[in-house]
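Examining the three-dimensional arrangement
For reference, the chains in residue letters:
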Amino acid sequence: MKAATADYARHGIRVNAVAPGVVRTPSTEQFFASGPQFDALVVRSTPLGRAGSDTEIAEAAAWLLSDRASYVAGVTLPVDGGITATRWFD
């Protein structure tokens, strides 16, 4: 993100990324359906105590794309319920 921002910001192009944590989607449902162990792992390892939703990730991306984030450039935004804050996933 930083290198791309250095290259493109002068052209009015903002470069950012969203780094999702554990998100409950049709693609990850198999993990949640495998038994209560996975859900317990997510609860135990995520400071917010739950998996995220696809809508929550989309909202973060929409914010980065909006004029409200017009001065945000070169960042990777963790949308992970706090996992990167603790740096621990059991």
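A quick note: this is a predicted structure, and the numbers were derived from the prediction, not measured.

It is worth spelling out the overall build of the chain at this point. Assigned secondary structure in the chain consists of 5 helices and 4 strands. Starting at the N terminus and walking to the C terminus, you meet the elements of the chain as α-β-β-α-α-β-α-β-α. The globule rule puts the C-alpha radius of gyration for 90 residues at 12 Å, and the 16 Å found for the chain is more than 25% above it. Within the chain, the fraction of its 90 residues that count as buried is 22%. Long-range contacts, defined here as pairs at least 24 residues apart, represent 69% of the contacts in the chain between residues at least 6 apart. Of the roughly 6,100 Å² that the chain leaves accessible, carbon and sulfur atoms contribute 58%.

Turning our eyes to something else, we now look at the packing of aromatic side chains. Taken as a whole, this structure holds 2 aromatic pairs when the rule is applied. Ring centres of Phe 31 and Phe 38 lie 5.7 Å apart, and the angle between their planes is 35°; on these two criteria the pair is classed as tilted. Judged by its relative accessible area of 39%, Phe 31 falls in the partly exposed class. Considering the side-chain rings of Phe 32 and Phe 38, the 5.0 Å spacing of their centres and the 85° angle between planes classify their relative orientation as edge-to-face. Of the residues examined, Phe 32 reaches a relative accessible area of 7% and is grouped as buried. Cluster of aromatic residues (ring-pair linked, three or more members): Phe 31, Phe 32 and Phe 38. Taking NZ or CZ as reference, Arg 24 lies 4.1 Å from the ring centre of Phe 32, over its face.

What counts, and where the lines are drawn
Residues numbered from 1 in each chain as written. Predicted model: local features only at pLDDT ≥ 70, side-chain atom pairs only at ≥ 80, totals over all residues. Heavy atoms only, no water. Helix = DSSP H or I, 4+ residues; strand = E, 2+ residues; numbered from the N terminus. Rg over C-alpha atoms; globule rule 2.2 N^0.38 Å. Buried < 20%, exposed > 50% of the residue type's maximum accessible area, 1.4 Å probe, protein only. Contact = heavy atoms within 4.5 Å. Areas by Shrake-Rupley, 256 points an atom, 1.4 Å probe, with all protein chains shown as cover. Phe/Tyr/Trp six-rings, centres within 6.5 Å; stacked < 30°, edge-to-face > 60°. Lys NZ or Arg CZ within 6 Å of the ring centre and 35° of its normal.

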